Amino acid sequence: MRSLKIMVVGAGQMGRGIAHVCAMAGFPVILYDLEQAVVSTGKQLIQDQLGKQVEKGKLAKQEMMEICKRITTTTKLEQVQTVDFVIEAVVEKIKVKKDVFYQLDKLAPPYTILATNTSSCSITEIAAVTNRPENVIGMHFMNPVPVMKLVEIIRGLATSDNVFEQTKSLAEALNKTPVEVNDYPGFASNRILMPMINEAIYTVYEGVATKDAVDEVMKLGMNHPMGPLRLADFIGLDTCLYIMETLHNGLGDDKYRPCPLLKNYVKAGWLGKKTGRGFYQYE
């Protein structure tokens, strides 16, 4: 398993987190994005995170250097020709993911497994644009990737048992806990989490309580480490809206109808921590 070579497609927050844990587990990783500045920044942020571990005495400096050496960066998708396993972590939009998988299928060797780190998109639909649907699988990491243990492993309709077992073994090698989930809108995690966040937004929208009160109730009363509105800001309100729309369209039940306040915030560009403003304001 340690000889496996991995490509991570997308050097944003999730992609660099996945590259981070792959390199820490001993795997050589190619981190890809469209622009050199993006992948260079991605690698630098990984190095900065590892540096903090060194400062805290949790990681030796030599080990940090070895981890960083395992990560190479590229803007050439053709380098997928050299890898055994791909983990895609681009924006959470089905059309974008399908375009990426169409290209990966054309370039990657026939044996290469193509995994998507989607939080809501259909694995079966993504796999359908390839000539290897049996080799396509969902691998949904939680944010922040270096900290969170869970990985949802989602089979598409055609995903083979062998590919599932290899993906599960990889998750375990990354020191994660894989949980098998079937390919339905929102999978398990977001089918439960997002309606809770959406209801918290409705609670503010309808004047039941302020945002601070809602978050305090869930932290102090339900022992959540973070309130749902603060969590929504960290996830990204645009991502929350997209997942709610996926649930609403895919399941056809009005209990998944996105709150109008959530829609308004996204229209205003108040997407949460990444834009400096969501339900809370950030520097």
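Residues numbered from 1 in each chain as written. Predicted model: local features only at pLDDT ≥ 70, side-chain atom pairs only at ≥ 80, totals over all residues. Heavy atoms only, no water.

Engineer: For this particular structure, what's the right way to read the UniProt feature "domain: 3-hydroxyacyl-CoA dehydrogenase C-terminal" (unreviewed entry) in the chain?
Structural biologist: Within the UniProt annotation, "domain: 3-hydroxyacyl-CoA dehydrogenase C-terminal" (unreviewed entry) is assigned to residues 186-282. Secondary structure content for residues 186-282 is 63% helix and 0% strand, while the C-alpha to C-alpha distance between its ends is 28 Å. (UniProt positions renumbered as here; feature names shortened; annotations may be inferred. Helix = DSSP H or I, 4+ residues; strand = E, 2+ residues; numbered from the N terminus.)

Engineer: How should I be thinking about the side chain of Asn 190 in this particular structure?
Structural biologist: With respect to the helices and strands, the residue Asn 190 is situated in helix α7 (residues 189-205). Setting aside its immediate chain neighbours within four residues, Asn 190 contacts Ser 119, His 140, Pro 195, Ile 243 and Leu 247. (Contact = heavy atoms within 4.5 Å.)

Engineer: Is there a simple way to think about the sheet that holds strand β2 (residues 29-32) in this case?
Structural biologist: The eight strands are arranged β3-β2-β1-β4-β5-β6-β7-β8 in an open sheet whose pairing can be described as mixed. Each having just a single partner strand, β3 (71-74) and β8 (177-182) make up the two edges of the open sheet. Neighbour-to-neighbour, the strand axes of the sheet open up by a mean angle of 25 degrees, direction not taken into account. Pairing analysis gives four bridges linking strand β1 (residues 6-9) to strand β4 (residues 85-88), with the strands arranged parallel. Along β4, the bridge assignment pairs Val 8 with Ile 87. Running at roughly 165 degrees to β3, helix α2 (residues 36-55) makes contact with β2 and β3 of the sheet. (Pairing = 2+ DSSP bridges. Axes fitted to C-alpha atoms, helices over the stretch in contact; angles between N-to-C directions.)

Engineer: Looking at this structure, I do not really get the UniProt feature "domain: 3-hydroxyacyl-CoA dehydrogenase NAD binding" (unreviewed entry) in the chain. What am I missing?
Structural biologist: Listed under "domain: 3-hydroxyacyl-CoA dehydrogenase NAD binding" (unreviewed entry) in the UniProt record, and renumbered for this structure, are residues 5-183. The distance separating the terminal C-alpha atoms of residues 5-183 is 27 Å; by composition the span is 41% helix and 21% strand.

Engineer: Explanation requested: the pairing of β4 in the structure shown.
Structural biologist: When a strand is regular, its side chains alternate between the sheet's two faces. Of the two faces of β4, the one carrying Phe 85 and Ile 87 and the one carrying Val 86 and Glu 88 are both buried. As defined by bridge partners, β4 adjoins strand β5 (residues 113-116) across four bridges and the pair is classed as parallel. Its bridge partner lying in β5, Val 86 is registered against Leu 114. Note that the unit made of β4, helix α4 (residues 94-107) and β5 has a crossover that is right-handed. (Buried < 20%, exposed > 50% of the residue type's maximum accessible area, 1.4 Å probe, protein only. Right-handed = clockwise from strand over helix to strand, strands pointing away.)

Engineer: What is the right way to look at the nonpolar core in this model?
Structural biologist: A general trend in soluble globular proteins is that nonpolar side chains are found buried together. One finds Ile 6, Phe 85, Ile 87, Met 139, Phe 141 and Leu 170 to be the most contacted residues of the largest nonpolar core, which totals 39 residues. Top contributing element to this core by residue count: helix α1 (residues 13-24), with six residues. Leaving out residues up to four positions away in the same chain, Phe 85 has contacts with Leu 4, Lys 5, Ile 6, Met 7, Thr 112, Ile 113, Ala 115, Met 139, Thr 167 and Leu 170. (Core = buried A, V, L, I, M, F, W, Y, C linked by side-chain atoms within 4.5 Å.)

Engineer: Just checking my understanding: could you explain the environment of Leu 193 for this structure?
Structural biologist: For Leu 193, the position within the fold is in helix α7. Looking at Leu 193, the relative accessible area reads 23%, which means it is partly exposed. A C-alpha to C-alpha distance of 10 Å links Leu 193 and Leu 231, two positions 38 residues apart in sequence. With sequence-adjacent residues up to four places away left out, Leu 193 is seen in contact with Leu 231 and Ile 235.

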